[in-house]
Amino acid sequence: MSTLVEAILLLVALLLCLLGCSLLALSQARNWRKVLEDRSATPPKFAWLGWTLVLSALVPCVGRDGASFAALLWPLVFAAGAVATALTLTYRPGWYRAAIRVLTISR
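Residues numbered from 1 in each chain as written. Predicted model: local features only at pLDDT ≥ 70, side-chain atom pairs only at ≥ 80, totals over all residues. Heavy atoms only, no water.

## Remarks on the pattern of salt bridges
Per the stated rule, a full pass over the model turns up two salt bridges. Put simply, Asp-65 and Arg-64 hold a salt bridge, and the shortest N to O gap is 2.5 Å. On the basis of relative accessibility, which here comes to 29%, the residue Asp-65 falls in the partly exposed class. (Salt bridge = Lys/Arg side-chain N within 4 Å of Asp/Glu carboxyl O. Buried < 20%, exposed > 50% of the residue type's maximum accessible area, 1.4 Å probe, protein only.)

Take a look at the structure:
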């Protein structure tokens, strides 16, 4: 497998984990209210989608390096997505607010 394909698969796994962790975090009322700056907002129920995306990140990890190394790579990618989500919610919650506005306008 070429280095470019391996890099793309790793990037796909990282993006899936980042999006999944973001959805998991935003499905919690405290984080949803912080992002929207509205104390009465109720979060949507999309934790199941977050877990689905996090688990689906295992597929590119297995495709990239096989099952034995994917068992090590996937938790590291998951941790990177979780840390990136936590830092974004802490220091730049407006980024999520902007993404939510773009997604709701496009509907």
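## Thoughts on helix H5 (residues 93-105)
The first and last C-alpha atoms of H5 sit 19 Å apart over 13 residues, in line with the 18 Å expected at 1.5 Å per residue. Among all positions in H5, only Pro-93, Tyr-96, Arg-97 and Ile-100 are buried. Buried positions in H5, seen along its axis, are confined to an arc of 105 degrees and lie on one side of it. Opposite the buried face of H5, by more than 90 degrees, sit the exposed residues Trp-95, Arg-101, Val-102 and Ile-105. Contact partners of the buried residues in H5: helix H1 (3-26), helix H2 (29-36) and helix H4 (58-91). (Helix = DSSP H or I, 4+ residues; strand = E, 2+ residues; numbered from the N terminus. Expected span 1.5 Å × (residues − 1). Arc of directions from axis to C-beta. Contact = heavy atoms within 4.5 Å.)

## Notes on the side chain of Asn-31
Along the chain, Asn-31 turns up in helix H2. Relative accessible area serves as the criterion here: at 11%, Asn-31 is assigned to the buried category. In contact with Asn-31, not counting residues within four places along its chain, are Ala-25, Leu-26 and Leu-89.

## Structural notes on the packing of H2 against H5
Across the interface, H2 lies against H5 with an axial gap of 8 Å and an inter-helix angle of 80 degrees. In terms of orientation, H2 lies roughly perpendicular with respect to H5. Contacts between H2 and H5 involve Trp-32, Lys-34, Val-35 and Leu-36 from the first element and Pro-93, Tyr-96, Arg-97 and Ile-100 from the second. In the contact of H2 with H5, the residues fall into six nonpolar, no polar and two charged. (Axes fitted to C-alpha atoms, helices over the stretch in contact; angles between N-to-C directions. Parallel < 35°, antiparallel > 145°, perpendicular 65-115°, else oblique. Nonpolar A, V, L, I, M, F, W, Y, C, P; charged D, E, K, R; others polar.)

## Observations concerning the confidence of the model for the chain
Overall, the predicted model of the chain reaches an average pLDDT of 93, with 98% of residues at or above 70. Mean pLDDT values over the elements of the chain span from 87, in H5, up to 97, in H1. (pLDDT = per-residue confidence, 0-100.)

## As for the packing of H1 against H4
Look at H1 against H4: their axes get within 7 Å of each other, and the N-to-C directions meet at 45 degrees. One finds that H1 runs oblique with respect to H4. The hand of the H1/H4 crossing is right-handed. Classifying every residue of the contact of H1 with H4 by side-chain character gives 21 nonpolar, four polar and two charged. (Left-handed = near helix turned anticlockwise from the far one by under 90°.)

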